[in-house]
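Residues per chain are reported as follows:
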Amino acid sequence: MCPCGRGPYQQCCGSLHQGAAAADPESLMRSRFSAYALDNREYVLRTWHPETRPRAVAPDPGLRWTRLEVLDHGGGGVFDAEGTVEFRAHYIDGGQPGVMAERSRFVRHDGRWVYWGPL
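Let us look at the structure shown here.

### Observations regarding the overall build of the protein
Line of reasoning, step 1. What the protein contains, in helices and strands, is three helices and four strands.
Line of reasoning, step 2. The globule rule puts the C-alpha radius of gyration for 119 residues at 14 Å, and the 14 Å found for the protein is close to it.
Line of reasoning, step 3. In terms of overall dimensions, the protein has a C-alpha envelope of 45 × 30 × 25 Å along the principal axes.
Line of reasoning, step 4. Relative to its 119 residues, the protein shows a buried fraction of 38%.
Line of reasoning, step 5. Across the protein, contacts joining residues at least 24 apart in sequence account for 43% of those joining residues at least 6 apart.
Line of reasoning, step 6. Carbon and sulfur atoms make up 50% of the accessible area of the protein, which totals about 6,800 Å².
Line of reasoning, step 7. On the protein, the mean spot of the 14 positive side-chain charges and the mean spot of the 14 negative ones are 3 Å from each other.

See below:
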């Protein structure tokens, strides 16, 4: 099962991690969550807009991403240049459960969806 909870990994986020383009912002956001869960920092950075991307994403060995809830999404259609996704990402950090909530902005860059940042 894919870490994002949508289906088998290879048919879900696995193909995006291997280079396929995300069809929409929600798919990209799900693949980024899965990349965090699998410690695929290269993918996380590659799918971040160059203007807002940090130099690196530091590993956190005590943190484990466990579940994703997509609450809402907007835009991101074939003719859209932007889209948003609101989600809750559940984790365990040092044995303690937690939730990160965000409404994220995604934009097209060089013909592909990329993460811009939180709204």
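### Examining the nonpolar core
Line of reasoning, step 1. Within the largest apolar cluster, 23 residues are counted, with the highest numbers of intra-cluster contacts made by Cys4, Leu28, Met29, Phe33, Trp48, Leu68 and Phe106.
Line of reasoning, step 2. Elements with a minimum of two residues in this core: helix H1 (13–17), helix H2 (25–37), helix H3 (41–46), strand S1 (63–75), strand S2 (82–93) and strand S4 (112–118).
Line of reasoning, step 3. Broken down by element, the residue count for this core peaks at four residues, all from H2.

### A closer look at the packing of aromatic side chains
Line of reasoning, step 1. Applying the stated rule across the entire model yields five aromatic pairs.
Line of reasoning, step 2. Members of the aromatic cluster, each reached through a chain of ring pairs, are Phe33, Tyr36, Trp65 and Tyr91.
Line of reasoning, step 3. The ring of Trp48 carries the charged tip of Arg32 above its face, separated from the ring centre by 4.9 Å.

### Some words on the sheet that holds S1
Line of reasoning, step 1. One open sheet accounts for four strands, arranged S1-S2-S3-S4; its pairing is antiparallel. Of all the strands in the sheet, the pair left with one neighbour each is S1 and S4. Each strand of the sheet is rotated relative to its neighbour by a mean of 30°, with strand direction disregarded.
Line of reasoning, step 2. Relative to strand S3 (residues 96–109), S2 is paired through twelve bridges, and the arrangement is antiparallel. Residue pairing across strands places Arg88 opposite Ala101, the latter belonging to S3.
Line of reasoning, step 3. The strands touched by H2 are S1, S2, S3 and S4; relative to S1, the strand with the most contacts, the crossing angle is about 170°.

### So, the pairing of S2
Line of reasoning, step 1. Bridge count between S1 and S2: eleven bridges; the pairing is antiparallel. When the sheet's bridge partners are listed, Val70 is paired in S2 with Phe87.
Line of reasoning, step 2. From the end of S1 to the start of S2, which pair antiparallel, there are six residues, and Gly76 there has a positive phi angle of about 80°.
Line of reasoning, step 3. Connecting S2 to the antiparallel partner S3 that follows it, the hairpin turn spans two residues, and Gly94 within it adopts a positive phi of roughly 60°.

Definitions and limits used
- Residues numbered from 1 in each chain as written.
- Predicted model: local features only at pLDDT ≥ 70, side-chain atom pairs only at ≥ 80, totals over all residues.
- Heavy atoms only, no water.
- Helix = DSSP H or I, 4+ residues; strand = E, 2+ residues; numbered from the N terminus.
- Rg over C-alpha atoms; globule rule 2.2 N^0.38 Å.
- Buried < 20%, exposed > 50% of the residue type's maximum accessible area, 1.4 Å probe, protein only.
- Contact = heavy atoms within 4.5 Å.
- Areas by Shrake-Rupley, 256 points an atom, 1.4 Å probe, with all protein chains shown as cover.
- Lys, Arg positive; Asp, Glu negative; His and termini not counted.
- Charge placed at Lys NZ, Arg CZ, Asp CG, Glu CD.
- Core = buried A, V, L, I, M, F, W, Y, C linked by side-chain atoms within 4.5 Å.
- Phe/Tyr/Trp six-rings, centres within 6.5 Å; stacked < 30°, edge-to-face > 60°.
- Lys NZ or Arg CZ within 6 Å of the ring centre and 35° of its normal.
- Pairing = 2+ DSSP bridges.
- Axes fitted to C-alpha atoms, helices over the stretch in contact; angles between N-to-C directions.

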